[in-house]
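# Tertiary structure, described
Spelled out from the first residue to the last, the chains are:
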Amino acid sequence: MKPLQRQTLLIRLLAIAGLTVLMAGIWVVLQALGAPASISPSGLSSWLQGEGHWGPLLLVLLMVLAVVVGPIPTLPVSAASGLAFGMLQGTLIAVTGAALGAMVAFWSSRILARDYFRRKLSNHPVFASDAPQRSLFWGILFTRLVPLFSFALISYAAGLTSVTALRFLLASVIGMMPMTFVFAGLGHTLEVHPVWTVLAAGVLLLAMALTPLLWRRRSHSGPSR
């Protein structure tokens, strides 16, 4: 094995080990502090409020774990954030945790598999080293706006492309903000007006999902300049 290959292999092994230790460490800390087994917003918010000043940090750690591990849903965590800390502050805390988790997933896939995809798919417009950054930015932003796409999967997939880390972070934060705000508000008001809150959240999510499609159709059907 060549020295460069040995160095690359060592970096990847260290990345895998570091990611495993990080996620295991977060899980151990949350369990040691009595994190509820259920991920219901009410149960999570009660636990977070009981932890005092550590509550926001624990929510961030929980969101990082939810994003990186994947199967853990992030929407109940966002709703719990609104219940525990209020709509605005809860949104900011949840977005911070989701952004950190997205960056962990992004760099993990970039370190472990980006070189492979760049070699095998060098002519692909998404994976090529000279792929248009603006198109990648808007693609990531669109998938963040529409809640049908897996947050974790998009984070890992983005790391395989040539999009810069800063563009990925900006697209993720801007795109996740509306949905996080909706669900933080849902959690904050669910116990007061459950029916109207659910309906309002559904309408907002539907609007977020349809607006990019309608805008794209209008731009294609408009007169060319």
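Use the structure listed above.
Model, not experiment: these values are computed from the prediction. (Residues numbered from 1 in each chain as written. Predicted model: local features only at pLDDT ≥ 70, side-chain atom pairs only at ≥ 80, totals over all residues. Heavy atoms only, no water.)

### Comments concerning the packing of helix α2 (residues 41-50) against helix α3 (residues 55-69)
Contact pair α2 / α3: the axes reach a minimum separation of 8 Å and the direction vectors enclose 135 degrees. Relative to α3, the element α2 lies oblique. Seen from above, α2 lies across α3 with right-handed handedness. The residues of α3 that touch α2, namely those facing L44, W47 and L48, are G55, L58, L59 and L62. (Axes fitted to C-alpha atoms, helices over the stretch in contact; angles between N-to-C directions. Helix = DSSP H or I, 4+ residues; strand = E, 2+ residues; numbered from the N terminus. Parallel < 35°, antiparallel > 145°, perpendicular 65-115°, else oblique. Left-handed = near helix turned anticlockwise from the far one by under 90°. Contact = heavy atoms within 4.5 Å.)

### Let's talk about the nonpolar core
Judged by nonpolar contacts, the single largest core of 41 residues is most densely connected at M23, L30, L48, F106, V163 and F168. Of all the elements in the fold, those that place two or more residues in this core are α1 (3-32), α2, α3, α4 (75-85), α5 (87-120), α6 (133-145), α7 (151-160) and α8 (165-189). Here the element with the most residues in this core is α3; it accounts for 9 residues. (Core = buried A, V, L, I, M, F, W, Y, C linked by side-chain atoms within 4.5 Å. Buried < 20%, exposed > 50% of the residue type's maximum accessible area, 1.4 Å probe, protein only.)

### Comments concerning the packing of α3 against α4
α4 packs onto α3 with a crossing angle of 175 degrees between their chain directions and a minimal axis gap of 11 Å. Between α3 and α4, the interaxial angle falls into the category roughly antiparallel. Contact residues: α3 offers G55, P56, L59, L62 and M63, while α4 offers V77, S78, S81 and F85. A breakdown of the residues in the contact of α3 with α4 according to their chemical character gives 6 nonpolar, 3 polar and no charged. (Nonpolar A, V, L, I, M, F, W, Y, C, P; charged D, E, K, R; others polar.)

### What to know about a nonpolar patch on the surface
Taken together, the side chains of L9, I11, L13, I16, W107, I111 and L112 make up a nonpolar region of the molecular surface, amounting to roughly 590 Å² of accessible area. Breaking the nonpolar patch down by element, the ones donating at least two residues are α1 and α5. The exposure class assigned to I16 is partly exposed, which follows from its relative accessible area of 42%. (Patch = residues over 30% accessible without salt bridge, like charges linked within 9 Å, V, L, I, M, F, W, Y side chains within 5 Å. Areas by Shrake-Rupley, 256 points an atom, 1.4 Å probe, with all protein chains shown as cover. Salt bridge = Lys/Arg side-chain N within 4 Å of Asp/Glu carboxyl O.)

### Things to note about the packing of aromatic side chains
Scanning all chains against the criterion turns up 3 aromatic pairs. When the ring of F106 is compared with that of F168, the centres are 4.6 Å apart and the planes differ by 15 degrees; the resulting orientation is stacked. Of this pair, F106 sits in helix α5 while F168 sits in helix α8, and the two are 62 residues apart along the sequence. By relative accessible area, which is 0% here, F106 ends up buried. For F168, a relative accessible area of 0% gives the class buried. (Phe/Tyr/Trp six-rings, centres within 6.5 Å; stacked < 30°, edge-to-face > 60°.)

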